[in-house]
Amino acid sequence: MMKIIKESIAGTLESSDIQIIIVSNENAGIEINLKSSVEKQFGKQIRKVITEVLKKMEIQNVKLVAVDKGALDCTIKARVECAVCRACGIKEQYDWEVID
Amino acid sequence: MEYNLKEKRIFLDDTMERKNLEIFLNNQGINLDNRLDYTVGIYKSDKLIATGSFYKNTIRCLAVNAECRGLGVLNKVVSHLMSEQFLRGFTHVFLYTKCNYVRFFSDLGFYEIARVDDSVVFMESEFNAIQKYSAELAKTSISADRISSIVINANPFTLGHLHLIEKASEENDIVHVFVVSEAESVIPFSVRYELIRKGTKHLKNIVLHKTGDYIISNATFPSYFIKDEETVVLIHAKLDLEVFKKYIVPALGIKSRYVGEEPYCMVTKKYNEVMKESLEKEGIKFKIIPRLKINGQAISASRVREYIREDKIEEIKGLVPDTTYDYFKSKEAEELIKTIKNSKSRH
């Protein structure tokens, strides 16, 4: 299981991107707060993509704040992976098999 | 969408860059804040079209050239500043803006804390954070009839502060004392807090708190977008009280607030006037306690600091509680005394 050791940020607020902020959430499960310019159309899908990445990377307790500007699924996935790696202090030897 | 934009840090020590930035901001109707830690500029073929800065954990001096609005340039600026803030360990970010811009910042992931009429809105980057702060405070709530509150900086703790707290303690069942935790004073928060704790040990009905990020001192309230100084004080006071009334009063069931009389500083005096009006409107009692005088002179923390600066530690004996005096005589305080001697600022 990966452990969050610090707050992290990844992504930007520019069009077609998503900003992900990760904060540890001691034993309180996964909490996602999403603000999206396409919330009505894709809110459910965005949350699904985020949750899947967290699951794959075995993150169980996290507070994740996402500000979405219409990012595609692949972008969302990449930004969440990056934020998780930063939050867990992983700087090398990424486990690409798990991530993919 | 613009693809040929460059993000570049602006170094304010560089006179040319500073001058350019100042002209740019003035054209947008705002001034350059005199306290900034970091500034970024967005350039379109070497012409500055947008900028943003921060001081500690508050974003400031945001501006976008009129011709370039609506292209998402502000998003670029805020993204850049947020990443930089995280690098510096500030994960809870604040900003002040005019009411008509709230919509933009709300889209950029900021949440409203409080607002003053049509003039300013205080926002934060964390969802529900103020509500959580309020809920945490409520845990220290003790039910009683007469619950009072005091906000003090105590730089350092004097007999004057003690007098104010004792007075409130006498006239109430519970007194919540908020110690300003911003690092704007020459004496660090940990020391100020400790001296208050030690100096009030004999009072059984007081509860000490740190103000955290939500009680805004005039040291950090940004004034660059407000024209004259008097309006700055007025708006700052109103905003501060909005937060107090909206989140702190209900959490603790506060019925009154005590302040020390202010004979010297015009800013604080004005502030107290606004506070009186604003609190009484909500049915919260407001009480000004006259300054404690020794040998006909009101005690003030700045005079105590003055004595320390002049190496006259013995002189402070009659002005501060024994606990404060003992601290400044101790070995532990040596470093701090050096810092006080080297500081020129009023705070």
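Remember, it's a predicted structure, so these values are computed and weren't measured experimentally. Here the residue numbers are simple positions, counted from 1 along each chain's written sequence. Each chain is given a letter, starting from A, and each ligand a number, starting from 1, according to the order in which they appear as written. Confidence filtering applies because this is a predicted model: local features only for residues at pLDDT of at least 70, side-chain atom pairs given and counted only at 80 or more, and all residues used for totals across whole chains, interfaces and linings.

Comments concerning the overall build of chain A
For step 1, the next point in the chain: The helix and strand inventory of chain A stands at three helices and four strands.
For step 2, the next point in the chain: Secondary structure follows DSSP: runs of H or I at least 4 residues long count as helices, runs of E at least 2 residues long count as strands, and numbering of each begins at the N terminus. Along its sequence from the N terminus, chain A presents helices and strands in the succession β-β-β-α-β-α-α.
For step 3, the next point in the chain: Computation of the radius of gyration draws on C-alpha atoms alone. For the globule rule, the value is 2.2 Å times the number of residues to the power 0.38. Here the C-alpha radius of gyration of chain A, 12 Å, is about what a compact globule of 100 residues would show, namely 13 Å.
For step 4, the next point in the chain: Over its C-alpha atoms, taken along the principal directions, chain A stretches across nearly 35 × 25 × 20 Å.
For step 5, the next point in the chain: Within chain A, the proportion of its 100 residues that are buried is 37%.
For step 6, the next point in the chain: Two residues qualify as a contact pair if the distance between their C-beta atoms, derived from the backbone, is within 7 Å. Within chain A, counting contacts between residues at least 6 apart in sequence, those at least 24 apart form 76% of the total. For the exposure call, what matters is how many other C-beta atoms sit within 10 Å of a residue's own: 20 or more marks it buried, 12 or fewer exposed, and in between partly exposed, using C-beta atoms placed from the backbone.

Comments concerning unusual backbone geometry
For step 1, the next point in the chain: Note that the residue after N155(B), namely P156(B), is joined by a cis bond; omega there is 0 degrees.
For step 2, the next point in the chain: In this structure, E58(A) is a non-glycine residue whose phi angle is positive, near 55 degrees.
For step 3, the next point in the chain: Along the chain, the position of E58(A) falls in the loop between α1 (39-56) and β4 (62-68).
For step 4, the next point in the chain: In this model, C61(B) sits at a positive phi of 50 degrees, which is unusual for a non-glycine residue.
For step 5, the next point in the chain: Within the secondary structure layout, C61(B) lies in strand β4 (residues 58-64).

Details of the interface of chain B and chain A
For step 1, the next point in the chain: Every contact between the two is made by 14 residues of chain B and, on the other side, 14 residues of chain A.
For step 2, the next point in the chain: Take the side of chain B that touches chain A: its biggest share by element is seven residues, from helix α2 (residues 73-87) of chain B.
For step 3, the next point in the chain: Classifying every residue of the side of chain B that touches chain A gives six nonpolar, six polar and two charged. Ten residues, namely Ala, Val, Leu, Ile, Met, Phe, Trp, Tyr, Cys and Pro, are considered nonpolar, four, namely Asp, Glu, Lys and Arg, are considered charged, and the remaining ones, Gly among them, are considered polar.

Some thoughts on the nonpolar core
Soluble globular proteins tend to pack their nonpolar side chains together in the buried interior.
For step 1, the next point in the chain: In terms of nonpolar packing, the biggest core is built from 112 residues, with I20(A), I22(A), V77(B), I150(B) and V177(B) touching the most fellow members.
For step 2, the next point in the chain: Looking at which element gives the most residues to this core, the answer is helix α7 (residues 229-252) of chain B, with ten residues.
For step 3, the next point in the chain: The residue makeup of this core includes at least three contributed by each of domain 1 (5-130) and domain 2 (139-342) of chain B.
For step 4, the next point in the chain: Look past the residues within four positions of I22(A) in its chain and what remains in contact with it is I4(A), E7(A), S8(A), V62(A), L64(A), A83(A), V84(A) and A87(A). Think of a nonpolar core as buried Ala, Val, Leu, Ile, Met, Phe, Trp, Tyr and Cys residues chained together by C-beta atoms that fall within 7 Å. How far each domain reaches was decided by an automatic or database domain assignment.

Things to note about the pairing of β4(A)
Residues and elements named next belong to chain A.
For step 1, the next point in the chain: Taken across its seven residues, β4 has seven buried, putting it largely inside the fold.
For step 2, the next point in the chain: Neither face of β4 is open: one carries V62, L64, A66 and D68, the other K63, V65 and V67, and all of them are buried.
For step 3, the next point in the chain: Of the strand pairs in this sheet, strand β2 (residues 18-24) and β4 are connected by seven bridges, and their pairing is antiparallel. Considered in β4, the bridge of I21 is made with V65.
For step 4, the next point in the chain: Only strands joined by at least two bridges in the DSSP assignment are considered to pair. Bridge analysis of strand β3 (residues 30-36) against β4 gives seven bridges, and the strand direction is parallel. Note that in β4 the partner of I30 across the bridge is V62.

What about the pairing of strand β2 (residues 38-44) of chain B?
Residue and element names in this part refer to chain B.
For step 1, the next point in the chain: Across the seven residues of β2, five count as buried, placing the element largely inside the fold.
For step 2, the next point in the chain: Sheet topology places strand β1 (residues 5-9) next to β2; five bridges connect them, and they run antiparallel. Its bridge partner being in β2, R9 is matched across the sheet by V40.
For step 3, the next point in the chain: Two elements, β2 and strand β3 (residues 47-55), share seven bridges in a ladder whose sense is antiparallel. Of the residues in β3, the one forming a bridge with Y38 is F54.
For step 4, the next point in the chain: Connecting β2 to the antiparallel partner β3 that follows it, the hairpin turn spans two residues, and S45 within it adopts a positive phi of roughly 35 degrees.

Remarks on the domain arrangement of chain B
All names here are of chain B.
For step 1, the next point in the chain: Domain boundaries in chain B define domain 1 (5-130) and domain 2 (139-342).
For step 2, the next point in the chain: Residue-level contacts link 18 residues of domain 1 with 13 residues of domain 2.
For step 3, the next point in the chain: For the side of domain 1 that touches domain 2, the secondary structure elements donating two or more residues are β4, β5 (94-97), β6 (111-116) and β7 (120-124).

Considering the sheet that holds β4(A)
Residue and element names in this part refer to chain A.
For step 1, the next point in the chain: The strand order β1-β2-β4-β3 describes an open sheet built from four strands, whose pairing is mixed. Only two strands of the sheet have a single partner each, and these edge strands are β1 (8-10) and β3. The average angle at which neighbouring strand axes cross in this sheet is 15 degrees, direction not considered.
For step 2, the next point in the chain: For helices, the axis comes from a line fit to the C-alpha atoms of the stretch in contact; other axes are also lines fit to C-alpha atoms, and the angle between any two N-to-C directions lies between 0 and 180 degrees. The sheet contacts of α1 involve β3 and β4, and relative to β3 the element is tilted by about 145 degrees.

Digging into the environment of L137(B)
Residue and element names in this part refer to chain B.
For step 1, the next point in the chain: Structurally, L137 can be placed in helix α4 (residues 129-138).
For step 2, the next point in the chain: Spatially, the C-alpha atom of L137 lies 6.2 Å from that of A251, the residues being 114 residues apart in sequence.
For step 3, the next point in the chain: The residues contacting L137, other than those within four sequence positions of it, are I248, A251 and L252.

Digging into the packing of helix α9 (residues 301-309) of chain B against helix α11 (residues 334-342) of chain B
All names here are of chain B.
For step 1, the next point in the chain: Interaxial distance between α9 and α11 falls to 8 Å at its minimum, and their mutual angle equals 100 degrees. Classified by the angle their axes make, α9 and α11 are roughly perpendicular. Touching R305, I308 and R309 of α9 are I337, I340 and K341, all from α11.
For step 2, the next point in the chain: By residue class, the composition of the contact of α9 with α11 is three nonpolar, no polar and three charged. Any angle from 65 to 115 degrees is called roughly perpendicular, while one under 35 is roughly parallel, one over 145 is roughly antiparallel, and all others are oblique.

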